[in-house]
Amino acid sequence: MKKVIVIGSGFSSLSASCYLAKAGYDVEIFEKNSTVGGRARQLVRDGFTFDIGPSWYWMPDIFENFFSFFGKKTSDYYELEKLDPAYRIFFKDDTITIGDCMDKICEEFERIESGSGVHLKRFIGKAQENYNIAINKVVLKPGISPFELVTKDTVLRLDQFFKSISQEVRKRFENPKLISALEFPVLFLGAKPSKTPSFYSFMNFADFGLGTWHPKGGMYEIIKAMVQLAQELGVKIHTNHPVDKILVLDGEICGVRSNGVNLTADYVISGADYHHSETLLDKKYRQYSEAYWDSRTYAPSALLFYVGFNKKLKNVHHHNLFFDTDFERHTQEIYD
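Scoring rules and cut-offs
- Residues numbered from 1 in each chain as written.
- Predicted model: local features only at pLDDT ≥ 70, side-chain atom pairs only at ≥ 80, totals over all residues.
- Heavy atoms only, no water.
- Buried < 20%, exposed > 50% of the residue type's maximum accessible area, 1.4 Å probe, protein only.
- Helix = DSSP H or I, 4+ residues; strand = E, 2+ residues; numbered from the N terminus.
- Arc of directions from axis to C-beta.
- Polar contact = N/O pair within 3.5 Å; in protein donor to acceptor, adjacent residues only side chain to side chain.
- Contact = heavy atoms within 4.5 Å.
- Salt bridge = Lys/Arg side-chain N within 4 Å of Asp/Glu carboxyl O.
- Pairing = 2+ DSSP bridges.
- Axes fitted to C-alpha atoms, helices over the stretch in contact; angles between N-to-C directions.

(A) Spatial organisation of helix α3 (residues 102–112). Those residues of α3 that sit buried are Met-102, Ile-105, Cys-106, Glu-108, Phe-109 and Ile-112. Viewed along the axis of α3, the buried residues span an arc of 160°, placing them on a single side of the element. Opposite the buried face of α3, at more than 90 degrees from it, the exposed residues are Asp-103 and Glu-107.

(B) Focus on the side chain of Ser-277. Turning to its location among the elements, Ser-277 is positioned in helix α10 (residues 274–279). Residue classification places Ser-277 among the buried residues on the basis of a relative accessible area of 11%. There is a polar contact of 3.4 Å between the side chain of Ser-277 and the backbone oxygen of Ala-272. With residues up to four places along the chain from it excluded, the contact list for Ser-277 reads Ile-246, Ser-270 and Ala-272.

(C) Quick peek at the pattern of salt bridges. Considering all chains together, one arrives at 22 salt bridges under this definition. The partner of Glu-168 in a salt bridge is Lys-163, with the nearest N and O atoms 3.7 Å apart. One network of salt bridges, with partners in common, ties together Lys-126, Asp-159, Lys-163, Glu-168, Lys-171 and Arg-172.

(D) Structural context of the sheet that holds strand β12 (residues 261–264). With antiparallel pairing, three strands are arranged side by side in an open sheet as β10-β11-β12. Strands at the two margins of the open sheet, each flanked by one partner only, are β10 (243–249) and β12. Adjacent strand axes in the sheet meet at a mean angle of 30°, parallel and antiparallel pairs treated alike. Pairing analysis gives six bridges linking β10 to strand β11 (residues 252–258), with the strands arranged antiparallel. Looking at the pairing, Leu-249 lines up with Glu-252 of β11.

(E) Representation of the sheet that holds strand β6 (residues 87–90) in the model. Taken in spatial order, the three strands make up an open sheet running β7-β6-β14, and their pairing is mixed. The sheet is open, and its two borders are formed by β7 (95–98) and β14 (320–322), each paired with just one other strand. This sheet shows a mean twist of 15° between the axes of neighbouring strands, independent of strand direction. As defined by bridge partners, β6 adjoins β7 across four bridges and the pair is classed as antiparallel. Bridge assignment links Arg-88 to a residue of β7, and that residue is Thr-97.

Structure follows, in structure tokens:
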């Protein structure tokens, strides 16, 4: 049985480990932290429990498809609830409440801009078409060549790659609050709405069309589910085991060094950031130089504060967006 060492224990590492174990490989995960989950870890402090990373459960079909590959369902591991409201957006002089279905959202849009409900249904209908293409005909391909992006469906929508989501939204809606509500989801992709192709409106379908969900017990329930599945498949997980070096022998990767010990493997997969993964290799084996990385524009990160309250706060639900200052100015400050 061929041996695979996987670096890190975030979503991608756990997912890869499960697929490899099912394919018959001997898989071991090496995680530098004391707990698994990568950026989706959990922080427990002074009686409070925080999900320290992702908090939005969108695209539930993606999770269902993952577990179904192994003959499982998400409900075998955790209970999902659809949030209503999905979230609220606070402006200086108003609050937009995003409900759990299109009828509620259209009604809210109409309250702010007459006639916008009809435009919204058309916009989301087009976004749904894009979602089906993006998820079923593009994302699930192996990612070996850029030509995988060229399909009959994407060619027919070529114009959507040359105009931005911002242009698409602003030709349908006039109220700046509604524009902000529709431009916000693409920020998850790490770019400004004015620089993101309109094809990515599928994020709006993920938002308004599929809804916002939450696992009871928090987002870490997903990590716990994937860990349980991995272990059921025979994956071994080692925490407090940082990988210091990827070992190479005669031009072929042969293992890793962790906590000062050399460990052999037929294959090594890194779920860590690309740049960090390359620093684990000797310079002559790296694909990119430090000068290359210094010249890159990275997607923005954030400074996160975890604040615990000993009482419930009125009018505050799972997700609250505060757009009480100029949205465009913020995107310029962050991305430009």
